[in-house]
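Fold and contact review
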Amino acid sequence: MEMILILTVLLFTLGAIIGSFLAVCAYRIPMGKYEPIHEGVKELNRTLSIVSPSRSFCPQCEKTLLWWHNIPIFSWIVLRGRCAHCGANIPFRYMFIELLTGIVCVLTFLRFGPSLTGLVAFAFIAIFIVITFIDLDYMIIPDVITYPATFVGLLIGLVSRPLRPFLDRPFVASPMESVMGLLMGPGLLIAVWWLYFKIRKREGLGLGDVKLLAVCGATFGLECAWFTIFIGSVLGSIIGISLLLCRRNALSSYIPFGPYLAVAAVAYILGAPSIFEHYLNPSTPTTWWIATYS
Ligand SMILES: [Zn+2]
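Notes on unusual backbone geometry
Put simply, Arg169 and Pro170 share a cis peptide bond, and its omega is 10°. Topologically, Pro170 is positioned in the loop between α5 (143-159) and α6 (175-200). Not every positive phi belongs to a glycine, and Arg80 is a case in point at roughly 50°. Along the chain, Arg80 turns up in the loop between α2 (74-78) and α3 (92-112). Although it is not a glycine, Met139 sits at a positive phi angle of roughly 55°. One can find Met139 in the loop between α4 (116-138) and α5. Given 19 C-beta atoms within 10 Å, Met139 falls into the partly exposed group.

Have a look at this one:
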């Protein structure tokens, strides 16, 4: 029991550190290349890369942070969400992304144990986290993320047979499955696009959403693409309708579709379908948690 507790704390910390890097990626990848859709993003007149500058800086005063300002979660709490140099607000989302990635890191380990499958699954979850926060700010899912991710998905399909015991489900099990997922996943989304257009009389999806689905299809197969569209649409509808009922129409039109798809895809990777199957038919065992707790 003690062992599990120590392991959980270690995994959470590791996840939070990676989350801190993901927050930097979500901030720097689109900066200077696209127009943000809300005022929360301060535009800098320069293009940043993930590695340059190598040290994090405050977006307001552009001063480099001290080493301990980079400690995830802890520094945000100690500084009470303010820059140590100029006192500007540090958006809560930095701490949120660190917290989220920490939790997801623990969940991924619980689901897959210490395995290559778990490691690669976590890498893809990290990609979905970055996509979510870029899409929230810019309403864009950059090709610079989706194209390489789709390529890696196809590559996983190609090497799936020789790597089988090490790289297991939820990843595709054959090159054919990967190609089918790539072609048919986005196809389904185009149908959803049409339905949305009919109901809301405006476009609710962009090409970026279709490319996100291509990543899901190529890497995790058609079932994942289908699950992601369905659950993503349900989530989007529930939250969209709730916001409409609260008369916050402006906010509902501001939330892009990508984050819903990303949440659904992460739920798929972490084994959500088995929870549904278990719920619909209690005699089917759920694979959730069982990998590590039995
Ligand atoms: Zn500052």
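Focus on the environment of Met176
Here Met176 is to be found in helix α6. By C-beta crowding, Met176 is classed as exposed, having 10 other C-beta atoms within 10 Å.

Some details on helix α8 (residues 222-245)
End to end, α8 covers 34 Å across 24 residues, agreeing with the expected 34 Å (1.5 Å per residue, within 8%). Residues of α8 that are buried include every one of Leu222, Cys224, Ala225, Phe227, Thr228, Ile229, Ile231, Gly232, Ser233, Gly236 and Gly240, and no others. Arg247, located one to two residues past α8, shows a positive phi value of around 60°.

Here's the deal with α5
Taking 1.5 Å of rise per residue, the 17 residues of α5 would be expected to cover 24 Å, and the 24 Å separating its terminal C-alpha atoms lies within 8% of that figure. When we look at burial in α5, the residues that qualify are Ile145, Thr146, Ala149, Thr150, Gly153, Ile156 and Gly157. Angularly, the buried residues of α5 cover 120° about the axis, an arc narrow enough to put them on a single face. Set apart from the buried face of α5 by more than 90 degrees, the exposed residues are Asp143, Val144, Pro148, Phe151 and Val159.

Focus on the nonpolar core
One finds Ile125, Val130 and Ala265 to be the most contacted residues of the largest nonpolar core, which totals 69 residues. Looking at this core, the elements with two or more residues in it are α1 (2-28), α3, α4, α5, α6, α7 (207-220), α8 and α10 (258-269). Among the elements that line this core, the one with the most residues is α4, at 14 residues. Residue-level mapping places this core at the junction of two domains, with at least three residues from each of domain 1 (1-112) and domain 2 (140-294). Apart from the residues within four sequence positions on either side, Ala265 is in contact with Phe128, Cys216, Cys224 and Thr228.

A few points about the environment of Phe74
Inspection of the secondary structure puts Phe74 in helix α2. Judged by the 15 C-beta atoms lying within 10 Å of it, Phe74 is partly exposed. Residues Phe74 and Met3, spaced 71 residues apart in sequence, show a C-alpha to C-alpha distance of 24 Å.

Parameters and conventions
- Residues numbered from 1 in each chain as written.
- Predicted model: local features only at pLDDT ≥ 70, side-chain atom pairs only at ≥ 80, totals over all residues.
- Helix = DSSP H or I, 4+ residues; strand = E, 2+ residues; numbered from the N terminus.
- Buried ≥ 20, exposed ≤ 12 C-beta atoms within 10 Å, placed from the backbone.
- Expected span 1.5 Å × (residues − 1).
- Arc of directions from axis to C-beta.
- Core = buried A, V, L, I, M, F, W, Y, C linked by C-beta atoms within 7 Å.
- Domains from an automatic or database assignment.
- Contact = placed C-beta atoms within 7 Å.

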